[in-house]
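Report on the structure
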Amino acid sequence: MRHFLSILDLEREEAQRLVKRAKEIKDAKWHSNLLQDRVLALIFSKSSTRTRVSFEVAVRHLGGSTIFMTPRDCQLGRSEPLTDTARVLSRYVDGVIIRTFAQSSLEAFALCSYIPVINALTDKFHPCQVMSDLLTIYERTPDFSHLKIAWVGDGNNMANSWINAAIYFPFQLNIACPQGYEPDAEVLDNALNKGAKIFCTHDPKEAVRGANYINTDVWASMGQEDEEEARKIVFRDFQLNKELLALADPDAKVMHCLPAHRGEEITDEVLESKFCLVWDQAENRLHMQKAILELLFS
Ligand code: CP
Ligand code: NVA
């Protein structure tokens, strides 16, 4: 029995194999009875369109069923500890997919759980999204070793997961964040110590120069709603627009995990351009979720 709480819960070869397997799953339009008679619970403390629907559909395509809960619908909302909930759910269902705030809450849940736990996003990491973004890149450029991938914006859960991915995949990762909004220092130090090729700057132009893929994300993540207005000022030079894109490789592609705030971190023009991969990224969530479920439940 194993959990998927961060990309680093995989071995390097496993992470690389998972991307290839997700591509096979996509090409084969894979359905199976792998999860027949199995039930997975989704506990989401934050909103979700892509992660929720792609996991629920993936489970059904693999013959299983799901129960979706928010803290409001269960005793978590009345302060029943996560750790008690983990032990109770372990007696009923076969796996739990959790979207919550603190990574430590997810880890505490997993520690008490007798069934696999999957991270559907925390404040610290969004591993399923970045694994599926790696599939989106792999489909176009299967050799990662010459790729320059840029991250422009907040040093958030997505940025931290990209840093973890850079340990296992041989691309150059350029990160540009405003001062004070850098990624998690421990996550970054660990990656650098493990030989990841990562360059951090406060200048988006420097990060984007010659890049093959440029990633961004919202300036205020879920849970940071009260910082939204202040962040609009801090991040105003970190918008992905035509001018910034002009510095990248001429064939550069733009990525965003969505939902996007057009006119803030990305212009409408760039989001709607032929360089933008967001709809493929959204689709690939489904194929990668199946690959992750197969890895944990086979
Ligand atoms: N990208 C992503 O995780 O989207 P949702 O919040 O809609 O799940
Ligand atoms: N960084 C964003 C990602 C949403 C999918 C957030 O946490 O809200």
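Since we're looking at a predicted model, the values are computed, not measured.

Right, let's talk about the overall build of the protein chain for a bit. Secondary structure summary: the protein chain contains 12 helices and nine strands in total. Projected onto the principal axes, the alpha-carbon positions of the protein chain cover approximately 55 × 45 × 40 Å. By the burial criterion, 55% of the 298 residues in the protein chain qualify as buried. Pairs at least 24 apart in sequence give 76% of the contacts found in the protein chain among residues at least 6 apart. Counting 34 positive and 42 negative side-chain charges, the protein chain places the averaged centre of each group 4 Å from the other.

Attention now moves to the packing of aromatic side chains. Throughout the structure, instances matching the rule amount to seven aromatic pairs. For the ring pair F144 and F169, a centre distance of 5.3 Å and an interplane angle of 55° mean the geometry is tilted. Of this pair, F144 sits in the loop between α5 (127–140) and β5 (148–152) while F169 sits in the loop between α6 (157–168) and β6 (172–176), and the two are 25 residues apart along the sequence. Residue classification places F144 among the buried positions, given a relative accessible area of 5%. Classification of F169 as buried rests on a relative accessible area of 4%. Taking the centre distance of 5.8 Å and the plane angle of 70° together, the rings of W162 and F171 count as edge-to-face. As far as burial versus exposure is concerned, W162 and F171 are alike and both buried. Counting every residue linked through ring pairs, the aromatic cluster contains F144, W162, F169 and F171. Positioned above the aromatic ring of W30, the side-chain terminus of R21 is 4.9 Å from the ring centre. The residue whose ring lies beneath R52 is F68, and the NZ or CZ to ring-centre distance is 3.5 Å.

The next point concerns the pattern of salt bridges. Any two side chains of opposite charge can pair, so long as their charged atoms come close to each other. The final tally for this structure, using the stated rule, is 18 salt bridges. Between R231 and E227 there is a salt bridge, with its nearest N and O atoms 2.7 Å apart. Residues E269 and K242 are paired through a salt bridge, measuring 3.9 Å at the closest nitrogen-oxygen approach. Within this pair, whereas E269 is found in helix α11 (residues 268–271), its partner K242 is found in helix α10 (residues 242–245), the two being separated by 27 residues in sequence. A relative accessible area of 48% means that E269 is categorised as partly exposed. When its relative accessible area of 48% is taken as the criterion, K242 is described as partly exposed. Residues joined by salt bridges that share partners form a network here, namely K26, E139, R140 and D280.

We now examine the site of ligand 2. The immediate surroundings of ligand 2 are formed by L121, H126, N156, N157, D217, V218, S221, M222, C257 and L258. Here N156 contributes a side-chain N or O atom positioned 3.3 Å from a nitrogen atom of ligand 2. For ligand 2, the protein covers 95% of the area, taking 270 Å² as the surface of the free molecule. Residues belonging to the shell around ligand 2 are distributed by class as follows: five nonpolar, four polar and one charged.

Here the focus is helix α12 (residues 278–297). Here α12 spans 29 Å end to end across 20 residues, near enough to the 28 Å set by a 1.5 Å rise per residue. When the local axis directions of α12 are compared, the greatest deviation, roughly 30°, occurs at R285. By the criterion of burial, α12 is predominantly enclosed, with 15 of the 20 residues buried.

This brings us to the pairing of strand β1 (residues 39–44). Along any regular strand, the residues point their side chains to alternate faces of the sheet. β1 sits mainly inside the fold: five of its six residues count as buried. As defined by bridge partners, β1 adjoins strand β2 (residues 65–69) across five bridges and the pair is classed as parallel. Bridge pairing in β2 places V39 opposite S65. A crossover connection joins β1 to the parallel β2 through helix α2 (residues 50–61); in handedness this β-α-β unit is right-handed.

About the cut-offs
Residues numbered from 1 in each chain as written. Chains lettered and ligands numbered in written order. Predicted model: local features only at pLDDT ≥ 70, side-chain atom pairs only at ≥ 80, totals over all residues. Heavy atoms only, no water. Helix = DSSP H or I, 4+ residues; strand = E, 2+ residues; numbered from the N terminus. Buried < 20%, exposed > 50% of the residue type's maximum accessible area, 1.4 Å probe, protein only. Contact = heavy atoms within 4.5 Å. Lys, Arg positive; Asp, Glu negative; His and termini not counted. Charge placed at Lys NZ, Arg CZ, Asp CG, Glu CD. Phe/Tyr/Trp six-rings, centres within 6.5 Å; stacked < 30°, edge-to-face > 60°. Lys NZ or Arg CZ within 6 Å of the ring centre and 35° of its normal. Salt bridge = Lys/Arg side-chain N within 4 Å of Asp/Glu carboxyl O. Near = heavy atom within 4 Å. Polar contact = N/O pair within 3.5 Å; in protein donor to acceptor, adjacent residues only side chain to side chain. Areas by Shrake-Rupley, 256 points an atom, 1.4 Å probe, with all protein chains shown as cover. Nonpolar A, V, L, I, M, F, W, Y, C, P; charged D, E, K, R; others polar. Expected span 1.5 Å × (residues − 1). Bend = angle between axes of the 7 residues up to and from the residue. Pairing = 2+ DSSP bridges. Right-handed = clockwise from strand over helix to strand, strands pointing away.

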